[in-house]
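Report on the structure
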Amino acid sequence: DVAEAACFMFAAVAKAGGPQVRGQVIKSGAPLLVVLVLRHFGDDPGDVQPVLRRAVNAIRLVGLDDSATAGAVRLAGAPDALRNIIQRFPENQTLKKAAEAALEAIEKDVSSGA
C-alpha cells in the first residue's frame, strides 16, 4: 500500500536522517500527509491496522516539539483521528498504546502553551 510505504519512509528518514534532514522532511508537509492517512484509514473498513501502525509511528516522529508543526498537525485533525483509532481498535494493545502516546504528545504541546 502506497500510504503505508509513505509513512514508513517518512518515519525512517525522520528517525535516521539527522536533524537537518528531519527538519526538511517535516517542512515538506509530510506530517500533514500522515494525518490524512490517519483520518482516512481510521474510518476505512477492512484490515487497516498495519497502515495505521505505520502512520501512528510516523506521527510520533513529526517534531511535535516545534509549535508550528504541532499546530498544523492539530488543525489537520490528528487528535480526533487518534481518538477514533483508540476507540475503534481497543483489542490491539500495540496500536492503542502507540495512538495514546501520540495523542498525549499532541495534547501536552497544547497544555504547554505552544
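Residues numbered from 1 in each chain as written. Predicted model: local features only at pLDDT ≥ 70, side-chain atom pairs only at ≥ 80, totals over all residues. Heavy atoms only, no water.

This paragraph deals with the nonpolar core. Counting 37 residues, the largest nonpolar core has Phe10, Leu38, Leu52, Val56, Ile59, Leu82 and Ile85 as the members making the most contacts within it. When contributions to this core are tallied by element, the ones reaching two or more residues are α1 (2-16), α3 (30-43), α4 (49-59), α5 (67-75), α6 (78-88) and α7 (93-111). Residues contacting valine 56, with those up to four places away along its chain left out, are Leu38, Leu82, Ile85, Leu95, Ala98, Ala99 and Ala102. (Core = buried A, V, L, I, M, F, W, Y, C linked by side-chain atoms within 4.5 Å. Buried < 20%, exposed > 50% of the residue type's maximum accessible area, 1.4 Å probe, protein only. Helix = DSSP H or I, 4+ residues; strand = E, 2+ residues; numbered from the N terminus. Contact = heavy atoms within 4.5 Å.)

With their axes 8 Å apart at the nearest point, α1 and α4 run at an angle of 25 degrees to one another. By the angle between their directions, the pair α1 and α4 is classed as roughly parallel. α1 and α4 meet at a crossing whose hand is left-handed. In this structure, α1 contributes Ala3, Glu4, Cys7, Phe8, Phe10 and Ala11 to the contact, and α4 contributes Pro50, Val51, Arg54, Ala55, Asn57 and Ala58. Partitioning the contact of α1 with α4 into residue classes produces nine nonpolar, one polar and two charged. (Axes fitted to C-alpha atoms, helices over the stretch in contact; angles between N-to-C directions. Parallel < 35°, antiparallel > 145°, perpendicular 65-115°, else oblique. Left-handed = near helix turned anticlockwise from the far one by under 90°. Nonpolar A, V, L, I, M, F, W, Y, C, P; charged D, E, K, R; others polar.)

Read these as layout, nothing more, since geometry by itself doesn't imply function.
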